[in-house]
Amino acid sequence: MEKAKISLYQLFVLILLFELGSAILVPLAIDAKQDAWLAILSGLIGGLFLFWINYRLFLYYPELAPPEYMQKLLGKIAGTFLAFWYIIFFMYTAARVLRDFGEMLLTFAYLETPLFIVNALLMLVIIYAVSKGIEVVARTGELFFVSIYFLAITGFILIVFSGLIDLNNLKPMLEEGIFPIAKVAFTQTLYFPFGESIVFSMIFPYITKRKSVKKVGLFAIGLSGINLAITMAINIGVLGVDLASRSQFPLLSTIQSIQVAEFLERLDVFFMISMVICIFFKVSIYFYAAVAIAAVIFKIKKPSKLTYPMGMVVLFMSVTIASSYAEHLKEGLEFGTRYVHPFFLVIIPMLLLGIAFIKNRKRSSHQKI
Amino acid sequence: MTMSLFSLSKKMKKLKIQKKPAQQHDLPAKALQSSLQEQIDYIKEKTGNSIDVVIRKLQLGDGKSAAVVFVEGIADSKAINDFLIESIMNKHPVHNSQPIFEILLKEVVALGDVKEITDWDNLYLSLMSGESIILVDGAQKALSASTRGGEHRSIQEPGSQVTVRGPRDGFTESIRTNTALIRRRIQNPDLWLENMKIGSVTKTDVSMMYIKGIAKDEIVEEVRNRLKRIEIDSILESGYIEQLIEDQPFTTFPTLYHTERPDMVAGNLLEGRVAIIVNGTPFVLIAPAVFIQFFQSVEDYYGRADIATALRFLRILIFFISIIAPAAYIAVTTFHQEMIPTQLLVAIAAQRETVPFPALVEALIMEVSFEILREAGVRMPRAVGSAISIVGALVIGQAAVQAGIVSPAMVIIVAITAIANFATPAFAVAISARLIRFGFMFAAATFGFYGIILGVIILAVHLCSLRSFGVPYLTPMAPLIPANLGDTIVRLPMWAQKKRPRLFSDNKENRVGDNQKPQPSQSRGMVNSALEKGDQDEQN
Amino acid sequence: MNKINRLMCSLVIIGTALLLSGCWSKKELTDLAIVAALGIDKNEEGRYVGTLQIINPGNVAGGMQGGGGTQGPPVSVITGTGDSIVELSRRTSRKLSRRLYYAHTNLVVISEELAKEESISSILDPLERDAEFRSTAIIVIAQGEKASDIVKILTLIDKIPANKVIKTLKFTERTWGENISVSMQEAIKTLVSPGKELAVSGFRISGDVDKGKKMENTQQTEPSSLLYTGSLAIFKKGKLIAWIDGETARGSVFLLDKLNASAIAVKWERKDEAMVYELIRQKTKVMAKMEKGKPIVSIKVQAEGNIGEARVPIDLTNPDVLLKVEKVIEKEIKKEITMAVKQAQKNRSDIFGFGEALHRTNPKEWKKIAAKWNDIYFPEVKIDIVVDAFIRRTGLRNNPHQVNK
């Protein structure tokens, strides 16, 4: 663990940028068709609960980073083993997000550029940022947060003013009843993006005002969920369900539909700007968490030394995990959200919380006697 | 040839070796001899018989011989004549019982600051800083009288940071004048001044100034320690100090602020910053510096708040234009042609049709030739300056376009960039924008807007990682300190700016009282009470 | 210190490597052939023929930089043949010194023959898939002409013919209302929807096509060959099945809620077209419901406008008279809408999206009838039209002048 201080506002900004990250770009919860936004909101509720679990664990061990309390709860060897798996999980997810990003850039703007180059450039920037420490990442986040929201609001206004939104596209609501929504919410949106907030348990120990972590965290996740739901609703409103579900990147198609005053058209670049920034933060935070856990379990004093080798691993992983974008997506949906995510994002934290609860109750009852 | 070179370098080595002990030999304070002739000889030897070291021999009343030594030019010769030489020669001491120095000190020398000196080191230090030395035969002491003076540049309007509204005085090369200019503005005993001499050869006076109780003690201590740490032979300008005490040496961004304006220094001292004043330069350093400071001008505080805010937004925009404009042009014309409206694209394409270079080369040609012109314009003697501008306008503007080497659109871009660069208020930031711009141009030429965005992220991470005396460079935006946001890109009116910058001032007191917002209640009555009465009558 | 050196080193190495290895997606402006319009035909052998209208920048922009070439045509046209759109586009490279650049292609012209023969969705797929191509490109049908001819005609005021076509459509939609400009994205959205069919404007050529290709065409006050908007093409399952025009077309545009402004001539006191109502804005709401297994559509139109012309003696200062005029206008609008619906029912093609409206309100029943909607249910739809027309102003004069001689 490095010596760093993160303010509550910085935590808020990081959570928001992280949650919006890649989720805002892909057709999130589109399996629920025009009710995608409802599915996102229902997933949000579960996501808030998952955040609360991580927060409770943090409250039991406010001074310790997750790998340290894992060692405490499960014993030295088992704890280290588990923490090691989390390193791999975080690096894998970082690589996945990076791959998403590279594919996107290649699909719509840089068709002839090799994937490796595009990913490598961003990864180098991420390595540079992470090697500067979490404080610098957080401050950069503060800086970009405003500009991202500024872009988002401008985009929203432009879409509204060019009269693109047809709310009829969102009707009929609940066409198939509540079941498909619940299914999408609990097999997809719960994990991606809301459950992913587990990485922030690596950042909690840096926060000076511990009591407000819950409030700020829940608020940030809630806001990000609402933002995502609004975005998806706009996407469907503009494109219709069919086009939104066939689009690889519905937000891009939405932005491409903007035509204002014969001057503001083809605003792809603004999409790209916000995309690069969001992805930068998402990968940075995942990557930072992986580096920080590794630094703790291998007892390395300067985590920044780990950034180069681990960054290279993430980079190569991002290029090799799948041979095509379709395979990449399928891997994410079938392998990721079905087997990996429930395990790492839900079951383990719940188990840890259970053990922590029992251990601490024992201790406190001992103290009473 | 090789032999001679070899021997030369050997000699150099020897010289170096010889030099060191010689310097060290100087260090222990050597006491003065008692014989006047010996003293004079020693001075002559040490100063190499320099012609400006004046040694005036005198005869004291009791027949003892004495000498006044001073350096011509840096000592005030009028004061020496009137209050030193004349009074010594006129005085005929009666009571020989008293030591001669007592008499000189108490009765003869009519000058403010007189000290006794017993060793050579201090004697030379005083002599070389413009004081006069009085030597008396048979005494192992000397007197130094403060006669510092000589010719100085008078206080003038500063050449950089010109304002329309605001005080017209600027710092000069003399440290005392400069401290006085600040003291006149802050008439408070809490304004503390610490002096030190830095530079083993130049022995330059360096003062740090701060307001006790407003400046944070840790920062004052940090500045002091960093100044004390300096080991260097010479300090000729405050830039020397800046390079030796800044937090991050590998950055194009300045982490100390420098200014020629005393009102600016006073304003910064009141915010809790520390000023470092160096003798021999009108540029005063201010630490810690934050990024947004370089986009503020003193005039912002004298003018209206709303206008100042608008101007600050403009300056931020200017900064981005001067960094990104050519890069964006390259990116748009070589990668993202879909962005521009068709008509504009066709117009640009028509211009580019005859240009034989890729956009990057075209931009580089223009930018580099403009940089050459600018550098030439700065270094040229004034008389030839206009010739440069004519040649520049012709070459860059018209001929290059007519020859089909660059397109008119590129000329527009370069012109906008250049003017934007001139409009940045702080030269230190403007010049770093000039450099960064080329990096962005290359990034844009290889990866279009993706390259530019990555560049912006790197720039942001870099700026976020910078610190100035421990204070994050982007304070108060990142980390966000809402209480201090009133004086950043926006400038709130004076009555609304209550808090000092939190990261470099401990002082929690409000800067302005409560309810200072102007609340005129009588204005209507003041203008025309008769009219007001009429209004009421109508209502009735 | 060491770390920084290492970082600098790696940055320099990566930087030079990137610079040396070239810039993959870079496209210099001087290497681009900007395609303004794409016309698609089918030849006798059943292969696609693509006609590309390529902008000749020097001849469009003029000015000091254009050199001496302002005499040449602003666009040049190139054709390619292939079994697919991508193939024909790539094959044209044999005739072209530059890379085809589709990001500024704002117009796609499809020939009537082709649209009748096969579903246009197969043409639209590559265009939709391509990242460069604009989803906002406008689609028109070459009515009775070859698409290639539409693309080849030089135009007078707008130098780039594609712009002329798009602008013409846009302004006629805004001021007359018998045509609509449909973007590719909208077209695809409609094509995939089971409850709505496509309607696209046609474009025609007047005069001699061969003369229209020459520069002389743009050097006369009255061009010998001119492009103008034609009728509205009605599609069914992606194939063109009929053309509608005149009041029927305007009625359809009403129902699509795309009408911005128009001029509606009405009868007054037995004189035909005695008054003209200048429509300024209108709002059409379509609501559908099922009643006894049969769909009922209620249409509500709210129209606002001025009197633009009055050729009979009438007291326009009298609000009661205006109310009467409003009634007449309402009747006229209702008539146009009814005509449009009848025509569409005859064609068995629901271009108005009644099916979609039904889907929104009765999703369950819609599911049962969706497959048979166009052929069985739509022709049977009962419509119920309510029109509210308002006359807001009567122009600079109140009553019409009368010649008393």
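Reading the values: rules and limits
Residues numbered from 1 in each chain as written. Chains lettered and ligands numbered in written order. Predicted model: local features only at pLDDT ≥ 70, side-chain atom pairs only at ≥ 80, totals over all residues. Heavy atoms only, no water. Pairing = 2+ DSSP bridges. Helix = DSSP H or I, 4+ residues; strand = E, 2+ residues; numbered from the N terminus. Axes fitted to C-alpha atoms, helices over the stretch in contact; angles between N-to-C directions. Contact = heavy atoms within 4.5 Å. Buried area = accessible area lost by both parts, 1.4 Å probe. Salt bridge = Lys/Arg side-chain N within 4 Å of Asp/Glu carboxyl O. Polar contact = N/O pair within 3.5 Å; in protein donor to acceptor, adjacent residues only side chain to side chain. Nonpolar A, V, L, I, M, F, W, Y, C, P; charged D, E, K, R; others polar. Phe/Tyr/Trp six-rings, centres within 6.5 Å; stacked < 30°, edge-to-face > 60°. Lys NZ or Arg CZ within 6 Å of the ring centre and 35° of its normal.

**Q** I would appreciate a short explanation of the sheet that holds strand 9 (residues 274-278) of chain B in the present structure.
**A** Sheet strands pair by backbone hydrogen bonding; their relative direction is either parallel or antiparallel. Residue and element names in this part refer to chain B. In spatial order, the strands read 6-7-9-10-8; together these 5 strands make up an open sheet with antiparallel pairing. Of all strands in the sheet, those bounded by a partner on one side alone are strand 6 (191-198) and strand 8 (257-259). The average angle at which neighbouring strand axes cross in this sheet is 25°, direction not considered. Bridging between strand 6 and strand 7 (residues 204-211) involves 8 bridges; their strand directions are antiparallel. Bridge pairing in strand 7 places Asn-195 opposite Ser-207.

**Q** How should I be thinking about the interface of chain B and chain A in this particular structure?
**A** Many authors give the size of an interface as the accessible area that is lost as the parts come together. Contacts between the two partners involve 27 residues from chain B, matched on the other side by 33 residues from chain A. Both sides together, the interface formed by chain B and chain A hides about 2600 Å², and carbon and sulfur atoms give 77% of it. Across the pair A:Glu135 and B:Arg467 runs a salt bridge, and its minimum N-O distance is 3.2 Å. At the boundary of chain B with chain A, the tally comes to 9 residue pairs in polar contact (both at pLDDT 80 or more). Considering each element in turn, the side of chain B that touches chain A owes the most residues, 14 residues, to helix 16 (residues 427-465) of chain B. Taken together, the residues of the side of chain B that touches chain A break down into 20 nonpolar, 5 polar and 2 charged.

**Q** Any chance you could explain the packing of aromatic side chains here in plain terms?
**A** Aromatic ring pairs are defined here through the distance separating the ring centres and the angle between the ring planes. The tally for this structure, following the rule as stated, stands at 46 aromatic pairs over all chains. Relative to B:Phe291, the ring of B:Phe253 has its centre 5.8 Å away and its plane inclined at 80°; by these criteria the two rings are edge-to-face. One end of the pair, B:Phe253, is in the loop between helix 8 (238-245) and strand 8; the other, B:Phe291, is in the loop between strand 10 (284-287) and helix 10 (298-302), with 38 residues separating them in the sequence. Following the ring pairs from residue to residue traces out a cluster consisting of A:Phe18, A:Tyr86, A:Phe89, A:Phe90, A:Phe200, A:Tyr286, A:Phe343 and A:Phe344. Over the ring of A:Phe18 we find A:Lys282, and its NZ or CZ is 5.1 Å from the ring centre.

**Q** Explain the interface of chain A and chain C to me, please; I cannot follow it from the model alone.
**A** If you look at the interface, chain A gives 32 residues, while chain C gives 24 residues. Considering only the side of chain A, the residues that lose the most area to chain C are A:Glu112, A:Glu175 and A:Arg266, jointly responsible for 22% of the buried surface there. Counting the contacts that link chain A with chain C gives 2 salt bridges. Residue A:Arg246 pairs with C:Glu128 through a salt bridge whose shortest N-O separation is 3.1 Å. Here chain A is connected to chain C by 4 residue pairs in polar contact (both at pLDDT 80 or more).

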